[in-house]
Amino acid sequence: MPSIEPVDLQSVWLTLKLASVTTLILLGVATPLAWWLAHNRHWYKGIVSAVVALPLVLPPTVLGFYLLLLMGPRGAVGELTQALNLGRLPFTFAGLVIGSVLFSLPFAVQPIQNAFEAIGKRPLEVAATLRAGVWDRFFSVALPLARPGFLTAMILAFAHTVGEFGVVLMLGGSIPGETRVLSVAIYSHVEAMEYGAAHVLAGGMVAFSFLVLLGLYLLGGKAKT
Amino acid sequence: MKLSQSRVLLGALLCGMMVNTVYAGEVNAAVAANFAEPMGQIAKLFQQASGHTVKVSLGSTGKFYSQIQNGAPFDVLVAADDKVPLRLEKEGLAVDGSRFIYALGKLVLWSAQSGYVDDKGHVLRKGDYNKLAIGDPKLASYGTAAKEALEELGLWGAVQSKLVMGENITQTYQFAATGNADLAFIALSQITQNGKVTNGSWWIVPAHLYNPIKQSAVQLSAAKDKAAAQAFLIFLKSDKAKTIIRSFGYELP
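Note that the structure is a prediction, hence the values are computed from the model and not measured. (Residues numbered from 1 in each chain as written. Chains lettered and ligands numbered in written order. Predicted model: local features only at pLDDT ≥ 70, side-chain atom pairs only at ≥ 80, totals over all residues. Heavy atoms only, no water.)

What to know about the overall build of chain A
Thought 1: When its secondary structure is counted, chain A shows 11 helices and zero strands.
Thought 2: Order of helices (α) and strands (β) in chain A, N terminus to C terminus: α-α-α-α-α-α-α-α-α-α-α.
Thought 3: Dimensions along the principal axes, computed over C-alpha positions, put chain A at roughly 65 × 50 × 30 Å.
Thought 4: Across the 225 residues that make up chain A, the buried fraction comes to 43%.
Thought 5: Residue pairs at least 24 apart in sequence account for 72% of intrachain contacts in chain A once pairs closer than 6 positions are excluded.
Thought 6: When the accessible area of chain A is evaluated, it comes to approximately 11800 Å², of which 71% is carbon and sulfur surface. (Helix = DSSP H or I, 4+ residues; strand = E, 2+ residues; numbered from the N terminus. Buried < 20%, exposed > 50% of the residue type's maximum accessible area, 1.4 Å probe, protein only. Contact = heavy atoms within 4.5 Å. Areas by Shrake-Rupley, 256 points an atom, 1.4 Å probe, with all protein chains shown as cover.)

Examining the pattern of salt bridges
Thought 1: Applying the stated criterion across every chain yields a total of nine salt bridges over all chains.
Thought 2: Between Glu191 of chain A and Lys63 of chain B there is a salt bridge whose closest N-O contact spans 3.8 Å. Of this pair, Glu191 of chain A sits in helix H10 (residues 182-191) while Lys63 of chain B sits in helix H3 (residues 61-69), each in a different chain.
Thought 3: Taking relative accessible area as the criterion, Lys63 of chain B reaches 24% and is therefore assigned partly exposed.
Thought 4: A salt bridge links Asp75 of chain B to Lys226 of chain B, with the shortest nitrogen-to-oxygen separation between them at 2.8 Å. Of the two residues, Asp75 of chain B sits in the loop between H3 and strand S3 (76-78) while Lys226 of chain B sits in the loop between strand S12 (213-219) and helix H10 (227-236), which places them 151 residues apart along the sequence.
Thought 5: Take Asp75 of chain B: its relative accessible area is 5%, and that puts it in the buried class. (Salt bridge = Lys/Arg side-chain N within 4 Å of Asp/Glu carboxyl O.)

Thoughts on the side chain of Thr31 of chain A
All names here are of chain A.
Thought 1: Among the structural elements, Thr31 can be located in helix H1 (residues 6-39).
Thought 2: The exposure class assigned to Thr31 is buried, which follows from its relative accessible area of 12%.
Thought 3: Dropping the residues within four chain positions of it, Thr31 is found in contact with Leu26, Ile112, Phe116, Phe138 and Phe150.

Let's talk about the pairing of strand S6 (residues 132-135) of chain B
Each regular strand displays side chains that alternate between the two surfaces of the sheet.
Residue and element names in this part refer to chain B.
Thought 1: Side chains Leu132 and Ile134 of S6 all project onto a buried face; the interleaved residues Ala133 and Gly135 project onto the opposite face, where all are buried too.
Thought 2: The pairing of S6 with strand S7 (residues 163-166) spans four bridges and is classified as parallel. Counted as the bridge partner of Ala133 is Val164 from S7.
Thought 3: Strand direction decides the pairing type here: S6 and strand S8 (residues 183-187), joined by two bridges, are parallel. Following the sheet pairing, Ala133 is matched in S8 by Ala184. (Pairing = 2+ DSSP bridges.)

Remarks on the interface of chain B and chain A
Thought 1: Contact with chain B, which involves 26 residues of that partner, is made by 26 residues of chain A.
Thought 2: Overall, the association of chain B and chain A removes approximately 2100 Å² of surface from exposure, summing both partners, and the carbon and sulfur fraction of that is 54%.
Thought 3: Inspection of the region where chain B meets chain A yields three salt bridges.
Thought 4: When the shortest N-O distance is used, the salt bridge between Lys138 of chain B and Glu194 of chain A registers 3.2 Å.
Thought 5: In the side of chain B that touches chain A, the residues fall into nine nonpolar, 10 polar and seven charged. (Buried area = accessible area lost by both parts, 1.4 Å probe. Nonpolar A, V, L, I, M, F, W, Y, C, P; charged D, E, K, R; others polar.)

Some points on the sheet that holds S12 of chain B
Each strand in a sheet pairs with its neighbour through backbone hydrogen bonds, running either in the same direction (parallel) or in the opposite one (antiparallel).
All names here are of chain B.
Thought 1: What the five strands build is an open sheet, ordered S2-S1-S3-S12-S4; its pairing is mixed. Edge positions in the sheet fall to strand S2 (53-59) and strand S4 (100-105), since each has one partner strand and no second. Taking the axes of each pair of neighbouring strands and ignoring which way they run, one obtains an average angle of 25 degrees across the sheet.
Thought 2: Pairing between S4 and S12: five bridges, direction antiparallel. For Gly105, the partnering residue across the bridge sits in S12 and is Ile213.
Thought 3: Against the sheet, H10 touches strand S1 (26-32), S2, S3, S4 and S12, its axis set at about 155 degrees to S12. (Axes fitted to C-alpha atoms, helices over the stretch in contact; angles between N-to-C directions.)

A word on the pairing of S2 of chain B
Residues and elements named next belong to chain B.
Thought 1: In the sheet, S1 pairs with S2 via seven bridges, with the strands oriented parallel. Considered in S2, the bridge of Val27 is made with Val54.
Thought 2: Viewed along the sheet, the connection from S1 through helix H2 (residues 36-50) into S2 turns out right-handed. (Right-handed = clockwise from strand over helix to strand, strands pointing away.)

Quick notes on the sheet that holds strand S5 (residues 107-111) of chain B
All names here are of chain B.
Thought 1: Across the sheet, which stays open at both edges, the five strands sit in the order S7-S6-S8-S5-S11 with mixed pairing between neighbours. Every interior strand has two partners, whereas the edge strands, S7 and strand S11 (201-204), have only one. Within the sheet, the average angular offset between the axes of one strand and its neighbour, ignoring direction, is 30 degrees.
Thought 2: The strands touched by helix H8 (residues 169-177) are S5, S6, S7 and S8; relative to S8, the strand with the most contacts, the crossing angle is about 145 degrees.

Regarding the packing of H1 of chain A against H10 of chain A
All names here are of chain A.
Thought 1: Closest axis-to-axis distance for the H1/H10 pair is 8 Å, and the angle between their directions is 150 degrees. As far as their axial angle goes, H10 and H1 are roughly antiparallel. Residues Asp8, Ser11, Val12 and Thr15 of H1 form the contact with H10, whose participating residues are Leu182, Ala185 and His189.
Thought 2: A per-class count over the contact of H1 with H10 returns three nonpolar, three polar and one charged. (Parallel < 35°, antiparallel > 145°, perpendicular 65-115°, else oblique.)

Thoughts on helix H11 (residues 239-247) of chain B
All names here are of chain B.
Thought 1: Of all the positions in H11, only Ala241, Ile244, Ile245 and Ser247 are classed as buried. Viewed end-on, H11 has its buried residues packed into an arc of 165 degrees, placing them on one side of the element. Among the exposed residues of H11, those oriented more than 90 degrees off its buried face are Asp239 and Thr243.
Thought 2: Where H11 ends, the next residue or the one after it, Gly249, has phi of about 90 degrees, a positive value. (Arc of directions from axis to C-beta.)

Quick word on the environment of Leu218 of chain A
Residue and element names in this part refer to chain A.
Thought 1: Examined against the element boundaries, Leu218 turns out to sit in helix H11 (residues 195-224).
Thought 2: Overall, the relative accessible area of 58% leaves Leu218 in the exposed class.
Thought 3: C-alpha separation for the pair Leu218 and Leu169, spaced 49 residues apart in sequence, amounts to 33 Å.

Here it is in structure tokens:
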């Protein structure tokens, strides 16, 4: 029976932490963005939609490479963080969180946006005639109706962050406990020809991903009935 | 009459093309990342001299090992160490006796900022740098050498909190080249061109601080009877190739 090494266990824990933090931040960022996209008819909506969807089509290494340059000592973001005495972001957990949020942004925005669009204007207008304020309409009408969209967004964002590789490889520097996440650990094991250790982690990853998707589809089936 | 003439011509043309395909072979070479630049030049010379073309795939030696094990269509492996070629030979995946050392790698401590690294490497002891990038010692032979040198210097414990690791030596270079790590242990070949280092500041790590990096090449069993592959390995041992290899800062066995 193959067993898991302590340093790999650390990677598992780190990955779950990264995915949780990323998902929470994405909920905060994606909800207003999705709302704006669902209710905006301006010409520049197309531009914003395209930018949000970019991480879907870009190779993760492209995103990782530009983030490395941007957050570096000569990059705009790097200069800002250094001016604020925050140090630099590459090789830190915070840097990975920022990379992951950008990388998984479309996976969070699009389901929520679809849910908001599916509600349409009618329920909100009805609530308005009943004198519900803007925030009241949002929290008592739109949010509960869009619940399946939020669930999908959260599950996808979480799972996508767990499966992330290219961005964290480029930004991380494989520091145990700080930036050496599961996907990087698996890659290192394979490269080092430690196939046994790689199988334990990779097999676990397949099982985990299957369960997440199974949950997603079961939930989807339930929501329809 | 005319028709038969053109037929003869066509026949001759076809024959010529067939002869060409017999003699002009193609070599699929899996090449260690640190040897990318010299390989480009060597492949070009080899093509001119032999008519064979070389298709170069760059990557880490460990990755090539698992790919070769699983049937990757490579003819030769130009590795960053001697362990993987030896292992391939033992497993019957490489041709017995074809293995040889083509270059001895040299480790260098490098910074993208000029004047940052002194010529004795004291900057390591001062410890006021932000990060030190090395290749993952488990994956990259230059990473193993960096770890050995740091241990020999008695600094391995002290640098732990500042260590970042690249999965191969190219990525390690990238961390320092983008300025995200002040210092990096990389291959001298990565910053050398025409026998000179022109960029940043550096300290060539004395050879007695780490085990020799015996970069070895081997012919793979799948290409046992491939003349072009044999010709390429012979060319890699030639004086022409050696001149190029030396000009990138490698030593020769």
